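Residue strings, one per chain:
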Amino acid sequence: MSTVLKGTGVALVTPFNQDGTIDFAGLSKLVDFCVKGTIDYLVVLGTTGESVTLSAEEKQAVIDCVIKSNNSRLPLVLGIGGNNTAAIIEEIQSRDLSSFEAILSVVPMYNKPTQEGIYQHYKMLSEATSKSIVLYNVPSRTGSNMTAETTLRLAQLDNIIGIKEATSDVMQLLKILKDRPKDFLVISGDDALALPAIMAGGDGVISVIGQGLPEEFSEMVRLGLSGKGKEAFEILYRLLPIIDYAFEEGNPAGIKQILKVRSVCESYVRLPLIKASSSLSQKIEKFLHS
């Protein structure tokens, strides 16, 4: 099993300036904040990074900024996903992936493929690259759930090394953990359920809240992976309110407000998303200053 992507990964936001342009200084500061906060690896251009609102040129600029700011300190994972299999293959094959440990690719959204369609989609991606691929199942966003059976079938393909599982179906998670190949990573995609998933045998989390509270969240994950459940759950229970706030008005509006309060970057998002409301902002501020 790859140990590089065990522990706490964070799905980085893309900071924006007030005029909607990318705030590269804020992005560099965020990378440094995560590195110093003992995060284990960084995920670039995931859902939290508002990748669907970035142009191809902006995506490349974000990649270049993160690589430079990280300066090889932490492993990097690159989000490349969508609902057009051919277009994803073209992007995978045209990008320089040498700085990345793996690709994170989401289940195709909107088209709502069958389980066989999902399997064939990922099989094509697997055959198009020698790079490691991490599956990403997030039914609340895609409209399609990849079942445990499909995940386990894909786990037999050589360069599909794990899954970011963000379903709230605990039974599905347990089925994957029970029957996965020994070298297949099971990574939680849900901040609130990450610790229970780890205690059930999971390998860590790709987190949203982790970039806002990197020291506390990564310590919780480390304690969980070390079997110190009591201490880990004490941290989780302290963090539950801020985890709720991070998602109360959608992602990444909440986490960007948290990062603003922590003086990492501003809280601007791109339409159709809007900034956190004043009431949510007040709750976040109160929690972080308590």
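Look above for the structure.
Read on for an overview of the structure. Think of each chain on its own: its residues are numbered from 1, step by step along the sequence as written. Thresholds applied to this predicted model are a pLDDT of at least 70 for local features of residues and 80 or more for the giving and counting of side-chain atom pairs; totals over whole chains, interfaces and linings are not thresholded and use all residues. In computing side-chain properties, one takes all heavy atoms of the structure into account and sets aside hydrogens as well as water.

1. A look at the side chain of Ser105
Logical step 1: Within the fold, Ser105 resides in strand β4 (residues 102–106).
Logical step 2: Within polar-contact distance, the side chain of Ser105 engages the backbone oxygen of Ile80 at 2.7 Å.
Logical step 3: If we ignore the near neighbours within four places in the chain, the residues touching Ser105 are Ile80, Gly81, Ile88, Tyr122, Leu125, Val134, Leu135 and Tyr136. Strands here mean DSSP runs of E at least two residues long; helices mean DSSP runs of H or I at least four residues long; both are numbered from the N terminus. In protein, a polar contact requires one atom able to donate a hydrogen and another able to accept it; more generally it is a pair of N or O atoms within 3.5 Å, and residues adjacent in sequence count only if both atoms are side-chain atoms. Two residues form a contact once any of their heavy atoms are found within 4.5 Å.

2. Focus on the pattern of salt bridges
A side chain of one charge can pair with a side chain of the opposite charge when the charged atoms of the two come close.
Logical step 1: A pairing counts as a salt bridge when a side-chain nitrogen of Lys or Arg comes within 4 Å of a carboxyl oxygen of Asp or Glu. Tallying each qualifying case throughout the model produces 14 salt bridges.
Logical step 2: In this structure, the salt-bridge partner of Arg222 is Glu219, at a minimum N-O distance of 3.5 Å. Here Arg222 and its partner Glu219 are both found in helix α9 (residues 214–225), three residues apart, which amounts to about one turn of the helix.
Logical step 3: The network of salt bridges with shared partners includes Lys6, Arg180 and Asp203.

3. Details of unusual backbone geometry
Logical step 1: In this structure, Pro252 follows Asn251 across a cis peptide bond, with omega equal to 10 degrees.
Logical step 2: Relative to the helices and strands, Pro252 is located in the loop between α10 (229–248) and α11 (253–261).
Logical step 3: Residue Leu271 is joined to Pro272 through a cis peptide bond whose omega torsion reads 15 degrees.
Logical step 4: One non-glycine residue with positive phi stands out, namely Ser72, at about 65 degrees.
Logical step 5: Mapped onto the secondary structure, Ser72 falls in the loop between α2 (56–70) and β3 (76–79).
Logical step 6: At Tyr110, a residue that is not glycine, the phi angle is positive and equals roughly 75 degrees.
Logical step 7: By the element assignment, Tyr110 lies in the loop between β4 and α4 (115–128).
Logical step 8: A relative accessible area of 73% places Tyr110 in the exposed class. Burial here depends on accessible area, computed with a 1.4 Å probe over protein chains only, as a share of the maximum for the residue type. Under 20% is buried, over 50% is exposed, and the range in between is partly exposed.

4. Some points on the nonpolar core
Logical step 1: Side-chain atoms within 4.5 Å are what join buried Ala, Val, Leu, Ile, Met, Phe, Trp, Tyr and Cys residues into a set we call a nonpolar core. Counting 81 residues, the largest nonpolar core has Leu12, Leu42, Tyr122 and Ile209 as the members making the most contacts within it.
Logical step 2: A per-element tally of this core places α10 first, with eight residues.
Logical step 3: Apart from residues no more than four positions distant in its own chain, Leu42 is found in contact with Val10, Leu12, Val31, Cys34, Asn70, Leu74, Pro75, Leu76 and Val77.
Logical step 4: One finds Leu5, Ala102, Ile187 and Ile206 within the second-largest nonpolar core, a separate group that totals 16 residues.

5. Notes on the sheet that holds strand β5 (residues 132–137)
Logical step 1: The eight strands lie next to each other as β1-β2-β3-β4-β5-β6-β7-β8, forming a closed barrel whose pairing is parallel. Geometrically, the sheet is characterised by an average inter-axis angle of 25 degrees between neighbouring strands, direction not taken into account.
Logical step 2: Paired strands are those between which DSSP finds at least two bridges. Pairing of strand β1 (residues 7–11) with strand β8 (residues 204–207) involves four bridges; the strand directions are parallel. Counterpart to Thr8 in the pairing with β8 is Val205.
Logical step 3: In the packing of α9 onto the sheet, contacts are made with β1 and β8, and the angle to β1 comes to roughly 145 degrees. Think of each axis as a best-fit line through the C-alpha atoms, taken over the contacting stretch in the case of a helix, with angles from 0 to 180 degrees between the N-to-C directions.

6. Some details on the packing of aromatic side chains
Logical step 1: Planes of paired rings set the category: under 30 degrees apart is stacked, over 60 is edge-to-face and the rest tilted, where pairs are Phe, Tyr or Trp rings (Trp by its six-membered ring) whose centres lie within 6.5 Å. Within the structure shown, the criterion is met by one aromatic pair.
Logical step 2: Arranged with centres 5.8 Å apart and planes meeting at 35 degrees, the rings of Phe233 and Tyr237 form a pair that is tilted. Separated by four residues within a single helix, Phe233 and Tyr237 lie in helix α10, roughly one turn from each other.
Logical step 3: With relative accessibility at 24%, the residue Phe233 sits in the partly exposed group.
Logical step 4: A ring has a charge above it when a Lys NZ or an Arg CZ is no more than 6 Å from the ring centre and no more than 35 degrees off the ring normal. The ring of Tyr119 carries Arg153 above its face, with NZ or CZ at 3.6 Å from the centroid.
Logical step 5: Looking at Lys164, its charged tip hangs above the ring of Tyr136, at a distance of 4.1 Å from the centre.

7. Quick word on the environment of Val62
Logical step 1: Considering the arrangement of structural elements, one finds Val62 in helix α2.
Logical step 2: Placed 39 residues apart in sequence, Val62 and Asp23 show a C-alpha to C-alpha distance of 9.6 Å.
Logical step 3: Leave out the neighbours within four places in its chain, and Val62 touches Thr14, Ile22, Phe24, Leu27, Val44, Leu45 and Leu54.

8. Thoughts on the side chain of Thr8
Logical step 1: Along the chain, the position of Thr8 falls in strand β1.
Logical step 2: Here Thr8 is in contact with Ile39, Asp40, Tyr41, Val205, Phe217, Ser218 and Val221, once residues within four sequence places are set aside.

9. Regarding the pairing of strand β6 (residues 160–165)
Logical step 1: β6 sits mainly inside the fold: six of its six residues count as buried.
Logical step 2: Bridge count between β5 and β6: five bridges; the pairing is parallel. Paired with Leu135 across the two strands is Ile163, which belongs to β6.
Logical step 3: Bridge count between β6 and strand β7 (residues 185–188): four bridges; the pairing is parallel. Pairing of Ile163 across the sheet is with Val186, part of β7.
Logical step 4: When the strands point away from the viewer and the path from the first strand over the helix to the second turns clockwise, the crossover is right-handed. Between β6 and its parallel partner β7, the chain crosses via helix α7 (residues 170–179), and the hand of that crossover is right-handed.

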